Amino acid sequence: ELHAIGGFHAVSPTLPPTSGSTRSLVKATESDGVNSHYEQTVHCVAAEPMECVLRVAVLDDDMGVEVAYETVVLGAMRGGYRVLHLRSMLGTRIESCFLLVHSKFSSQVNAWVGEHELVKTLDEQRDIISECMARIRTLEAQLKESEYSTFLS
């Protein structure tokens, strides 16, 4: 999850983000009961990374509850492999409970809406404008006709 104090932020499996979602769920690909392995890539996009908090949580699938978490300021993280020491829901660190993550930072063009979405919206707006213009022409013709018939009487 990303929690921003201000500015645009999103979590997405692809770049550029296709929605403004601030949460992503990653399932374990392997697990031996003690150690789990996750292979999915998640992109965290933030306009103001120093004002954006990344919250990583571990959920118990059987119970459907959150069992551990850690938070970090997105802009304070360094690239490379990092170890997050997970906390209990009371906020205390859990002994021998760590999450190894790989982080990489880059710049992303500030266009969180995809090109296809933008073109689609533009086409929809053009269609609406065309319909409105046709309606205006029809109403103007009716008005002229009513004025002409009023003038004749």
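Anyway, here's the lowdown on the structure attached to this text. (Residues numbered from 1 in each chain as written. Predicted model: local features only at pLDDT ≥ 70, side-chain atom pairs only at ≥ 80, totals over all residues. Heavy atoms only, no water.)

1. Things to note about the environment of A47
Relative to the elements of secondary structure, A47 occurs in the loop between strand 5 (43-46) and strand 6 (52-60). Given a relative accessible area of 46%, A47 falls into the partly exposed group. Residues A47 and A57 lie 10 residues apart in sequence; the distance between their C-alpha atoms is 23 Å. Dropping the residues within four chain positions of it, A47 is found in contact with G7 and F8. (Helix = DSSP H or I, 4+ residues; strand = E, 2+ residues; numbered from the N terminus. Buried < 20%, exposed > 50% of the residue type's maximum accessible area, 1.4 Å probe, protein only. Contact = heavy atoms within 4.5 Å.)

2. What about the pattern of salt bridges?
Evaluation of the coordinates by the stated rule reveals six salt bridges. Notably, a salt bridge pairs E66 with R55, separated by 2.5 Å at the nearest N-O pair. Within this pair, whereas E66 is found in strand 7 (residues 65-73), its partner R55 is found in strand 6, the two being separated by 11 residues in sequence. (Salt bridge = Lys/Arg side-chain N within 4 Å of Asp/Glu carboxyl O.)

3. Description of the side chain of E70
Along the chain, E70 turns up in strand 7. Owing to a relative accessible area of 9%, E70 belongs among the buried residues under this scheme. Of note is the side chain of E70, whose polar atom sits 3.1 Å from the side chain of R87. Not counting the four nearest positions on each side in its chain, E70 is found in contact with L54, R55, V56, L84, H85, L86, R87 and R93. (Polar contact = N/O pair within 3.5 Å; in protein donor to acceptor, adjacent residues only side chain to side chain.)

4. Here's the deal with the side chain of S88
Among the secondary structure elements, S88 is positioned in the loop between strand 8 (80-87) and strand 9 (93-103). The class for S88 is buried, based on a relative accessible area of 17%. Discounting residues that sit within four places of it in the chain, S88 has contacts with V67, Y69 and I94.

5. Things to note about the pairing of strand 6
Here strand 1 (residues 2-4) pairs with strand 6 via three bridges, running antiparallel. Along strand 6, the bridge assignment pairs L2 with L54. Across eight bridges, the pairing between strand 6 and strand 7 is antiparallel. Bridge assignment links L59 to a residue of strand 7, and that residue is E66. In this structure, the hairpin formed by strand 6 and strand 7 is closed by a connection of four residues, where G64 is found at a positive phi of approximately 75 degrees. (Pairing = 2+ DSSP bridges.)

6. Some points on unusual backbone geometry
For S96, which is not a glycine, the phi torsion comes out positive at approximately 60 degrees. For S96, the location among the structural elements is in strand 9.

That's the geometry; what it means functionally is another story.
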